[in-house]
Amino acid sequence: MTVISRTHTSSETDVSTAAAPAILDTWKARLRNRIPPSIEREIELYETQMELKRRGKLDDKVFAESRLRRGAYGQRYDNGQRQNGISAQTLDYPSGDLTKGPNTLWDAPGMHRIKIPFGEVTAPQMEVLAELAEEIADGICHVTTRQDFQLHFVHIDDTPDLMRRLAAVGITTREACGNVVRNITGCPLAGVCHDESFDVTPYAKALTTFLLGHPDAQDFGRKFKISFSGCDDQPCGLGRMHDIGLIAKQQTVDGTVQNGFKVFVGGGLGAVPHKAKVFTDFLPVDELLPTTQAICRVFARLGEKRNRARARIKFLVAKLGIEEFQRLVQDERSQLPEDPRWIGFLPEALPEAASLDFGTSNSDASGPFTEAFETWRLKQDGAVNEAAPIPNRPHPDAFDAWAANNVRQQRQNGYFTVLLHLPLGDLTAPQMRRLARLSREYAGGVARTTVEQNMMLRWISGGDLIELYQELSEVQLARPGAGTIVDVTSCPGTDTCKLGISSSRGLASELSRQLAERSYELDEAVQNLRIKVSGCFNSCGQHHVADIGFYGVSRKAGNHRVPHFQVVLGGQWSENAGSYGLPVVAVPSKNVPTALTRLTDFYIRERERGESFQAFVQRVGKQEIKTRLLDLTRIPGFDEDRSYYSDWGDAREYTLADLGVGECAGEVVSLADFGLAESESTAFEAQIALDAGRIDDAVRGAYTAMVQAARAITRIELPDLTENPDEVVRQFKTRFHDTQRFHDPFAGAKFANYLFRAHDANGDSVAPDAAHRRIEEAQLFIEATHACNTRLSQI
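Please read all numbers here as calculations on a predicted model, not as lab measurements. (Residues numbered from 1 in each chain as written. Predicted model: local features only at pLDDT ≥ 70, side-chain atom pairs only at ≥ 80, totals over all residues. Heavy atoms only, no water.)

*Asks:* Could you give an account of the packing of aromatic side chains, with specific residues and numbers?
*Replies:* In this structure the tally under the stated criterion is 26 aromatic pairs. The interplanar angle of 50° and the centroid separation of 5.7 Å between the aromatic rings of Phe399 and Trp402 together place this pair among those described as tilted. In this pair, Phe399 and Trp402 both sit in helix H13 (residues 399–406), three residues apart, roughly one turn of the helix. Overall, the relative accessible area of 4% leaves Phe399 in the buried class. For Trp402, a relative accessible area of 1% puts it in the buried group. (Phe/Tyr/Trp six-rings, centres within 6.5 Å; stacked < 30°, edge-to-face > 60°. Helix = DSSP H or I, 4+ residues; strand = E, 2+ residues; numbered from the N terminus. Buried < 20%, exposed > 50% of the residue type's maximum accessible area, 1.4 Å probe, protein only.)

Dropping the structure here:
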């Protein structure tokens, strides 16, 4: 690989001149004729903004939003501080105090998110990703739960050329982050699935192209996520947890079959998940683009802008009600001027659309759009020849175990999909490079990422499976158990995320290791359970829709903090994420593997014939399950077992910040801890009431739990505080909210506002899904109170 210098030179970054050096061999010069002019101009604008920021002529917040919209994130420790478990250590950087955003140092390594629409990635793209991982990152290509790739430990000075090299093979990082339409996801089995109504791939591509940079999708208060599914009952697209979920559907009118979509709006996970509402039961395909545009316009006009905690479309839909939201969108749609792209981008007009600028290389005829179109055309024309079945001949001993879960027959006879189980979603650069070659040899030069952080090869002839398995084995890509209980999903957590509370990747790795060791003896009933781990409450690891989910929290034991995970039960992975789970109990991180074993053993032993895990949890009740885990909540003393005071994969003593515990606060803190324990019990009782269908009791219990937690923290300053809710809320607001002492460093007043809204609405009747959210908000308010209690203990 020829080493090319960075674009950044004194002459190129002089914002007063547009002249580029004629001699220096840069990526900009080398790729000049392979990048669409509009993309090159955008990268040059970004370089200008970088130089203005270096000179102190651009505001931190403005530049931060600019780089975020291009996929460049901050990363943990980017404030120049890192805890060693006892105190903060200063990280020295060459550029000193120069920043690239609020409290974010210029030289601090960052993360770059790379959009992969509907997960389709070509061989040339994989090769460039491998090169970038090796040359400017930590050697790892990380697959996310939204089918993106992420590169970590990237210096901001390398990001313009990263964008150029990706653009030359048809990838853009534009709008990978920021308050815009994020990567549009799609079922990785689209086009080859037995259950789908029709192939959603061309429609996902059309909507991606239409919305990228669209003026009506630039003024949102928060991010906007869209997904495509080919069928209603499988989880591949997770339509019910998106801002817009599109599920393929067909209907017959006058003897003619019409393609369309069942449309969901207002879904989302995050701290408090919302189940999406049905916007329409059938949207004809020719209305897909204009109706989505109308939804975007309504969200941009009426969505919250000032309070980020309430700025997702799920809050707007909940506030307006689905009927009013439908009316507003229909009115907006009727006023839109005709746009030829509405039809031009649809697959029925793909030959005409192929001449448009999709951001692929002008000199690369095998870009992702061209390959997707060719595959689609061949399938539509019935031109795919029948491939050979799996040969009955000698094969490696481990082949059968691998094929049992990782290989699936397509609806096209003789062809198979191969799912690559990627631990923690990680591929090394050599693995990615080998995968690019194998995709060319066996799969037409295309692979797909999945929402479970894996990759898939499609159109594999049955006769090639043994050879493909052997080649994958050579680079450790033939790990069995894809899509089973051993395939644990995890967000980055405390490894790199600034919001991580506990080590999700450390825990997920340990769970996967232990489960893999005994995978051959696991009961069939638990083989296909989904386990998902998030490092905090924000659900980037999708813990709410797992059979068994975990999210990171912390607890105090004496003068120390202990990493914990909330155990989340009741989620449903099938039916496009059909229901969301709730936390049952917080367990020390080191006890989570034991808790998981108890849960699965209890299910195996006590389940009824054919009973799903979700139905089992509903039948036996969360109270019974919590009782069986209670002894695991005990924290040994620091000198008794110090392993509890470190997180998985991290030898340091666990800490969230520069913690220093004041001894004089001992008794007062104990009083607060007692009150918080009471509030947690009340919140759990609210869950039990919800499970039993006692909605009013559930809402009342969630509200009471928040008041108890607010009283617990307020009694630190006002020990004789009455139990009257009005007085508790008033004193809490005066002493902790108005002074901002309760405010979260990142979320601000978000959690306090949960209490205030619940107090204002006390006594109102609510629907079951709103009761579910109220309980989730109560749990988050209690967690925020724990965090505030810890901060106070330093004083």
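*Asks:* Residue-level account of the sheet that holds strand S17 (residues 426–428), with values.
*Replies:* Read across the sheet, five strands follow the order S1-S6-S9-S8-S17 without closing on themselves; strand pairing throughout is antiparallel. Of all strands in the sheet, those with a lone pairing partner are strand S1 (72–73) and S17, marking the two edges. The pairing of strand S8 (residues 140–143) with strand S9 (residues 149–154) spans two bridges and is antiparallel. Bridge pairing in S9 places His142 opposite Gln150. (Pairing = 2+ DSSP bridges.)

*Asks:* Can you lay out helix H6 (residues 201–211) for me, pointing to particular residues and giving the numbers?
*Replies:* Judged by how many residues are buried, H6 sits mostly within the fold: eleven of eleven residues are covered. Taken together, the buried positions of H6 are Thr201, Pro202, Tyr203, Ala204, Lys205, Ala206, Leu207, Thr208, Thr209, Phe210 and Leu211. Of the residues one or two after H6, Gly213 is the one with positive phi, at around 75°.

*Asks:* Account for helix H19 (residues 592–606), with residues named and values stated.
*Replies:* With 15 residues, H19 ought to run about 21 Å at 1.5 Å a step, and its terminal C-alpha atoms sit 21 Å apart, in line with that. Turning to H19, its buried residues are Val592, Pro593, Ala595, Leu596, Leu599, Thr600, Phe602 and Tyr603. (Expected span 1.5 Å × (residues − 1).)

*Asks:* Got a sec to walk through the packing of helix H8 (residues 313–320) against helix H9 (residues 322–335)? Specific residues and values, please.
*Replies:* Running from amino to carboxyl end, H8 crosses H9 at an angle of 110°, the nearest separation of the two axes being 6 Å. Here H8 is positioned roughly perpendicular relative to H9, judged by the angle of their axes. Contacts between H8 and H9 involve Ile313, Leu316, Val317 and Leu320 from the first element and Ile322, Glu324, Phe325 and Leu328 from the second. The residue makeup of the contact of H8 with H9, split by class, is seven nonpolar, no polar and one charged. (Axes fitted to C-alpha atoms, helices over the stretch in contact; angles between N-to-C directions. Parallel < 35°, antiparallel > 145°, perpendicular 65-115°, else oblique. Contact = heavy atoms within 4.5 Å. Nonpolar A, V, L, I, M, F, W, Y, C, P; charged D, E, K, R; others polar.)

*Asks:* Which residues make up the pairing of strand S19 (residues 455–461), and what values go with them?
*Replies:* For S19, a buried count of seven out of seven residues is recorded, marking the element as mostly surrounded by other parts of the structure. With five bridges joining them, strand S16 (residues 415–420) and S19 adopt antiparallel strand pairing. Paired with Leu419 across the bridge in S19 is Met456. Examined bridge by bridge, strand S18 (residues 446–449) and S19 share three bridges and lie antiparallel to one another. Each residue of the ladder has a partner; that of Ala447, found in S19, is Leu457. If you look at the hairpin formed by S18 and S19, you'll find five residues sitting between the two strands, and Gln453 has a positive phi there, around 65°.

From the geometry alone we can't say anything about function, so treat these as descriptive.
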